[in-house]
Amino acid sequence: MKWAPVSQTAQLHTILQLLMQDPPQFSSYASIFQLLTGHKTRNSLKIGQQVHAHMVLRGLQPNAFVGAKMVAMYASSGDLDSAALTFNHITHPSSSLLYNSIIRAYTVYGYFEKTIETYFQMHFLGLMACNFTYPFVLKSCADLSRIGLGRCIHGQSLRTGLGFDMYVGTSFIDMYVKCGELSDARMVFDELPMRDVSSWNALIAGYMKDGMIHVAEDLFGRMSNRNIVSWTAMISGYTQNGLGERALCLFEEMLKEGSEVKPNWVTIMSVLPACAHSAALEQGRRIHKFARGVGLDSNPSVQTALAAMYAKCGSLVDSRFCFDRIHPNKTGLVAWNTMITAYSSHGYGVEAVTTFDDMVRAGIQPDAISFTGLFSVCSHSGLVDAGLKYFNCMSSVYSVEPRYEHYACVVDLLGRAGRLLEAKELIYQMPMQAGPSIWGALLAGCRKYRNLEIAEIAAGKLFVLEPENSGNYVLLSNMYAEAGMWEEVNNLRALLKCEGMKKNPGSSWIEINGKSHLFLGGDKSHPQSKEIHLLLEALPEKIKAAGYIPDTSFALHDVSEEEKECNLKTHSEKQAIAFGLLNTSPDTVLRVTKNLRTCGDCHTFIKFISKIYRQEIIVRDVNRFHHFKEGSCSCGDYW
DNA sequence: ATAGGGTTAG
């Protein structure tokens, strides 16, 4: 238990004695509630309740002033219900102070509708809002996206002059930013007579949110006083805009700046996704170490973010370790979802399902994201019946209505299992329009099971929905070729030659000794390119002896078999792995990231490599992890 | 009092 500072405890005793006096003084009660409001001791609520009871015993009805202090006391001690009850019992609530304290309480607890409702009530009674009212009302407007009401209040506050108050003005900046009205935010900022760090911070966050990095950087550069929020806003702005490298750089720079700014848990959470996106495990570990050093690793949110980071960097073991360190009572929905998603993206179906069940047993209600992770892993690890079982009862048992993404996963699940008719039926039955992801999943299933009839339906939809995506034409064309339908192949080839077709170039990167190396498909610009390609020339022959057969069906059927094999050899993930083999010892785990889905040939190829070189290889493709070890892959060839 | 916030498939 934490002890209050001596002076405060002394004050408390003095006032408690005053309370015994006759006649009773309202101001004494008010003072004691005020003192308790500042106290963060565990028994402040108990003392408050006793003082309250003391008033009741003496037949004292709190007036608006004492009521305001009582409301604040209850709210700060975690008892919003008593705060609201107290407020509602005040017979003549004609005091802005009283309204301010309940408005503050509702906002702090996230009851934004109640805040606004109470503000209207206050307005109706003719009570004036003041500089302590607006920040909470505006935060509520921001959170509920009630921009119309916000503008109305803005106009009002400008007439009374309160709109030029620094706190109120900053709240308006924040509100406009959160509602996506950046130019209005800028206008408020420019017209504020006094600004403080928060005003700048709010505007920086706004520019970052709109992707206007340079403006944010310019503001940040021009600030005379930066606090930890300013740095954190920049760092999280970078990660949100996919600039992980810059986020990490700025984080390091901030640490060099000295002890002026102290990173807190929000800072750690803002920088961690930067490691996840670039698959920079070592950097992630460094930040984890740092967090441990400053005692931030016991924060449940940080632990959750760490678990997510490790999962995205490919280390499930570390991910689970961080998850297990979260206090059971503090393991919330997001933490469980993170762990389910972690197993899901690594293809660990049974573990994901177990985690889902553990979550339910722990009394946490799953949400839409829990089910997305669950269905995704069921589909990728072949747990068809389990997936369907959960899908069929998600609404009735867990009261989560299936969303578009759930249908997408289940269509994929059925498609991968070869249950193409059911998949097609589900698409026709679903209550919303199917888009490219759903028809694409069906088409992929058709290709795997060579169902040309349904493939033509799916492809037909895709040609309309995303005519510029060359992948769909290639897929159907390869299916026609396999069936020997050359006329159809030629028709599609003609379409493919059209302008505006998107060809997403493949790229992979590998991190070795903390340095990341990038490879593009067919590219030969890397300094070690010669050795890499020599190795890639030799490898197929070497592993063919072990049973490898190049699968050229992943190339377009318009070149000779030899040429196809040659194209396959230079796929970017093969280059990255060759580079890894050349520069590491066999006990190093090779960690490769790829921007697209890994092709079937590369997948087989890597399995053989992992066996012959006895080296563990972890490949993260655009949305999935493959753990290659001893000639097999964690995905069980089902991805 | 105002600013910074972790989890989503293909």
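Residues numbered from 1 in each chain as written. Chains lettered and ligands numbered in written order. Predicted model: local features only at pLDDT ≥ 70, side-chain atom pairs only at ≥ 80, totals over all residues. Heavy atoms only, no water.

**Things to note about the sheet that holds strand E5 (residues 624-629)**
Turning to step 1, where the next piece is worked out: Spatial ordering of the open sheet is given by E2-E1-E3-E4-E5-E6, a layout of six strands whose pairing is mixed. Two strands in the sheet have a free side with no partner beyond their single neighbour: strand E2 (515-520) and strand E6 (632-633).
Turning to step 2, where the next piece is worked out: Pairing between strand E1 (residues 507-512) and E2: six bridges, direction antiparallel. Paired with Trp 509 across the bridge in E2 is Leu 518. (Pairing = 2+ DSSP bridges. Helix = DSSP H or I, 4+ residues; strand = E, 2+ residues; numbered from the N terminus.)

**Focus: the state of the cysteines**
Turning to step 1, where the next piece is worked out: This structure, assessed with the given rule, holds zero disulfides.
Turning to step 2, where the next piece is worked out: You can see Cys 141 has no disulfide; the closest cysteine sulfur is in Cys 179, sitting 7.7 Å from it.
Turning to step 3, where the next piece is worked out: Overall, Cys 141 belongs to the buried group, its relative accessible area being 0%.
Turning to step 4, where the next piece is worked out: You can see Cys 313 has no disulfide; the closest cysteine sulfur is in Cys 275, sitting 6.1 Å from it. (Disulfide = S-S within 2.5 Å. Buried < 20%, exposed > 50% of the residue type's maximum accessible area, 1.4 Å probe, protein only.)

**Thoughts on the domain arrangement of chain A**
Turning to step 1, where the next piece is worked out: Annotation of chain A at the domain level lists domain 1 (226-329), domain 2 (403-496) and domain 3 (507-633).
Turning to step 2, where the next piece is worked out: The C-alpha centroid of domain 3 is placed 28 Å from the C-alpha centroid of domain 2. (Domains from an automatic or database assignment.)

**Topic: the layout of surface pockets**
Any space left empty among the atoms is revealed by the rolling of a water-sized probe across them.
Turning to step 1, where the next piece is worked out: One number sums up the size of the second largest pocket: a volume of about 670 Å³.
Turning to step 2, where the next piece is worked out: Along the wall of the second largest pocket there are 25 residues; nearest its centre are Lys 139, Thr 170, Asp 174, Lys 178 and Ala 202.
Turning to step 3, where the next piece is worked out: The set of elements that each furnish at least two residues to the lining of the second largest pocket consists of helix H8 (134-143), helix H10 (166-178), helix H12 (197-209) and helix H14 (228-240).
Turning to step 4, where the next piece is worked out: It is H10 that contributes the most residues to the lining of the second largest pocket, seven residues altogether.
Turning to step 5, where the next piece is worked out: Classifying every residue of the lining of the second largest pocket gives eleven nonpolar, eight polar and six charged. (1 Å grid on protein atoms, 1.4 Å probe; cavity = no way out; pocket = protein on both sides within 12 Å on 5 of 7 lines; lining within 4 Å. Points joined across faces, edges and corners; volume = space filled by probe spheres on them. Nonpolar A, V, L, I, M, F, W, Y, C, P; charged D, E, K, R; others polar.)

**Describing the pattern of salt bridges**
When the charged atoms of two side chains with opposite charge come close together, those side chains can pair.
Turning to step 1, where the next piece is worked out: Summed over all chains, the structure comprises 22 salt bridges.
Turning to step 2, where the next piece is worked out: Notably, a salt bridge pairs Arg 286 with Glu 252, separated by 3.9 Å at the nearest N-O pair. Of this pair, Arg 286 sits in helix H17 (residues 281-293) while Glu 252 sits in helix H15 (residues 244-256); the two residues are 34 residues apart in sequence, bridging distant segments of the chain.
Turning to step 3, where the next piece is worked out: A salt bridge links Lys 594 to Glu 573, with the shortest nitrogen-to-oxygen separation between them at 2.8 Å. Here Glu 573 lies in helix H32 (residues 572-583) and Lys 594 lies in strand E3 (residues 590-594), a separation of 21 residues in the sequence. For the pair shown, Lys 594 and Glu 573 are each scored as buried.
Turning to step 4, where the next piece is worked out: Each of Arg 151, Glu 181 and Asp 184 takes part in one network of salt bridges that share partners. (Salt bridge = Lys/Arg side-chain N within 4 Å of Asp/Glu carboxyl O.)

**Details of the side chain of Ser 345**
Turning to step 1, where the next piece is worked out: Tracing the sequence through the fold places Ser 345 in helix H20 (residues 333-346).
Turning to step 2, where the next piece is worked out: On the basis of relative accessible area, Ser 345 is assigned to the buried category, the value being 18%.
Turning to step 3, where the next piece is worked out: At 3.1 Å, the side chain of Ser 345 forms a polar contact with the backbone oxygen of Ala 342. (Polar contact = N/O pair within 3.5 Å; in protein donor to acceptor, adjacent residues only side chain to side chain.)

**Things to note about the pairing of E1**
A regular strand places its side chains on the two faces of the sheet in alternate fashion.
Turning to step 1, where the next piece is worked out: Hairpin connection, E1 to E2: the antiparallel pair is bridged by two residues, and Asn 513 has positive phi, about 50°.
Turning to step 2, where the next piece is worked out: Strand direction decides the pairing type here: E1 and E3, joined by three bridges, are antiparallel. Within E3, the residue paired with Ile 510 across the bridge is Val 592.

**Some points on the packing of helix H18 (residues 300-312) against H20**
Helix-helix packing is characterised by the crossing angle of the two axes and by the distance between the axes.
Turning to step 1, where the next piece is worked out: The N-to-C vectors of H18 and H20 enclose an angle of 5°; their axes lie 9 Å apart at closest approach. In terms of axis orientation, H18 runs roughly parallel to H20. Between H18 and H20, the residues in contact are Thr 304, Ala 307, Ala 308 and Ala 311 and Val 334, Ala 335, Thr 338, Ala 342 and His 346, respectively.
Turning to step 2, where the next piece is worked out: Each residue belonging to the contact of H18 with H20 can be placed in one class, and the counts come to six nonpolar, three polar and no charged. (Axes fitted to C-alpha atoms, helices over the stretch in contact; angles between N-to-C directions. Parallel < 35°, antiparallel > 145°, perpendicular 65-115°, else oblique. Contact = heavy atoms within 4.5 Å.)

**A few points about the environment of Val 261**
Turning to step 1, where the next piece is worked out: With respect to the helices and strands, Val 261 occurs in the loop between H15 and helix H16 (265-277).
Turning to step 2, where the next piece is worked out: For the pair Val 261 and Trp 231, spaced 30 residues apart in the sequence, the C-alpha separation amounts to 8.6 Å.
Turning to step 3, where the next piece is worked out: When neighbours within four sequence positions are excluded, Val 261 is seen to be in contact with Arg 226, Asn 227, Ile 228, Trp 231 and Met 254.

**Quick word on the nonpolar core**
Turning to step 1, where the next piece is worked out: Within the largest apolar cluster, 157 residues are counted, with the highest numbers of intra-cluster contacts made by Phe 33, Ile 153, Ile 173, Phe 371 and Leu 442.
Turning to step 2, where the next piece is worked out: Of the residues that make up this core, three or more belong to each of domain 1 (226-329) and domain 2 (403-496).
Turning to step 3, where the next piece is worked out: Every residue in contact with Ile 153, bar those within four places of it in the chain, is listed here: Tyr 119, Tyr 134, Val 137, Leu 138, Cys 141 and Phe 172.
Turning to step 4, where the next piece is worked out: Grouped together as the second largest cluster of nonpolar side chains are 25 residues, Phe 519, Val 619, Phe 628 and Cys 635 included. (Core = buried A, V, L, I, M, F, W, Y, C linked by side-chain atoms within 4.5 Å.)

**Examining helix H24 (residues 404-416)**
Turning to step 1, where the next piece is worked out: Over its 13 residues, H24 runs 18 Å from end to end, which matches the ideal 18 Å to within 8%, given 1.5 Å per residue.
Turning to step 2, where the next piece is worked out: With eleven of 13 residues buried, H24 lies mostly within the body of the structure.
Turning to step 3, where the next piece is worked out: When we look at burial in H24, the residues that qualify are His 406, Tyr 407, Ala 408, Cys 409, Val 410, Val 411, Asp 412, Leu 413, Leu 414, Gly 415 and Arg 416.
Turning to step 4, where the next piece is worked out: Positive backbone phi, approximately 85°, marks Gly 418, located one or two places after H24. (Expected span 1.5 Å × (residues − 1).)

**Details of the packing of aromatic side chains**
Turning to step 1, where the next piece is worked out: Here the structure, examined in full by the defined rule, presents 19 aromatic pairs.
Turning to step 2, where the next piece is worked out: With 5.2 Å between their ring centres and 90° between their planes, Phe 189 and Trp 200 make a pair best called edge-to-face. Residue Phe 189 is found in helix H11 (residues 182-191), and its partner Trp 200 is found in helix H12; the two are separated by eleven residues along the sequence.
Turning to step 3, where the next piece is worked out: The buried category is assigned to Phe 189, whose relative accessible area is 2%.
Turning to step 4, where the next piece is worked out: Judged by relative accessible area, Trp 200 falls into the buried class, the value being 17%.
Turning to step 5, where the next piece is worked out: Taking 5.8 Å as the distance between ring centres and 75° as the angle between the ring planes, the aromatic pair formed by Phe 375 and Phe 391 counts as edge-to-face. In this pair, Phe 375 sits in helix H22 (residues 368-380) while Phe 391 sits in helix H23 (residues 384-398), placing the two residues 16 residues apart along the sequence. Take Phe 375 and Phe 391: they sit in the same class, and that class is buried.
Turning to step 6, where the next piece is worked out: By way of ring pairs, the aromatic residues Phe 356, Phe 371, Phe 375, Tyr 390, Phe 391, Tyr 398 and Tyr 407 are connected into one cluster.
Turning to step 7, where the next piece is worked out: Between the NZ or CZ atom of Lys 389 and the centre of the ring of Tyr 390, over which it lies, the distance is 4.6 Å.
Turning to step 8, where the next piece is worked out: A cation sits over an aromatic face here: Lys 574 above Phe 605, 5.2 Å from the ring centre. (Phe/Tyr/Trp six-rings, centres within 6.5 Å; stacked < 30°, edge-to-face > 60°. Lys NZ or Arg CZ within 6 Å of the ring centre and 35° of its normal.)

**Focus: helix H4 (residues 64-76)**
Turning to step 1, where the next piece is worked out: End to end, H4 covers 18 Å across 13 residues, agreeing with the expected 18 Å (1.5 Å per residue, within 8%).
Turning to step 2, where the next piece is worked out: Turning to H4, its buried residues number three or more, namely Ala 64, Val 66, Gly 67, Ala 68, Lys 69, Met 70, Val 71, Met 73, Tyr 74 and Ala 75.
Turning to step 3, where the next piece is worked out: Along its buried surface, H4 packs onto helix H2 (26-38), helix H3 (44-57), helix H5 (80-89) and helix H6 (96-108).
Turning to step 4, where the next piece is worked out: At the N-terminal end of H4, a side-chain oxygen is found 3.2 Å from the backbone nitrogen of Phe 65, two or three residues along, and the residue is Asn 63.

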